[in-house]
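# Coordinate inspection notes
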Amino acid sequence: MTSIYFSDATLKSFSAATKGGKSTIKIEIETADRYQMASILNQLDEIEAEQKAAKAPRKAPAKKTDAPLLALPAPLKQISYHGDEHE
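Residues numbered from 1 in each chain as written. Predicted model: local features only at pLDDT ≥ 70, side-chain atom pairs only at ≥ 80, totals over all residues. Heavy atoms only, no water.

### Overview of the overall build of the protein
Note the cut-off: In DSSP terms, a helix is any run of H or I states spanning at least four residues, a strand is any run of E spanning at least two, and both are numbered starting from the N terminus. Throughout, the radius of gyration refers to the C-alpha atoms, and the reference size of a globule is 2.2 Å times the residue count to the power 0.38. Residue burial is assigned from relative accessible area. The probe radius is 1.4 Å, only protein chains are included, and a residue is buried under 20% of its type maximum, exposed over 50%, and partly exposed in between.
A count of helices and strands for the protein gives one helix and two strands. Expected size for 87 residues packed as a compact globule is a radius of gyration near 12 Å; at 30 Å, the protein overshoots this value by more than 25%. Over its C-alpha atoms, taken along the principal directions, the protein stretches across nearly 85 × 45 × 25 Å. A buried classification covers 6% of the 87 residues belonging to the protein.

So this is what it looks like as structure tokens:
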């Protein structure tokens, strides 16, 4: 469960609404301390990042091919040299 800690702030108001089986709670917090506000906003940002990470689709592990690995890499392409262009 996620929680938010604040000390030098007061609860200004709150409300709730339900629509389509989902409920939304709106909370207003009031503070005169800019550092406390920044702390609360950072906590909310961390919560949002955790929720996005949990919803993100996880990549499936790469499947190995049946072809055997070669011991050496393929040889470099042979490019013939015909001298300088200025000759």
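### Re the pattern of salt bridges
The condition that has to hold: Between Lys or Arg on one side and Asp or Glu on the other, a salt bridge is scored when a side-chain nitrogen of the former is within 4 Å of a carboxyl oxygen of the latter.
Summed over all chains, the structure comprises one salt bridge. Glutamate 30 is the partner of lysine 12 in a salt bridge, and the nearest nitrogen-oxygen pair spans 3.9 Å. Here glutamate 30 lies in strand E2 (residues 22-31) and lysine 12 lies in strand E1 (residues 9-19), a separation of 18 residues in the sequence. Taking the relative accessible area as the measure of exposure, glutamate 30 reaches 42% and is therefore partly exposed.

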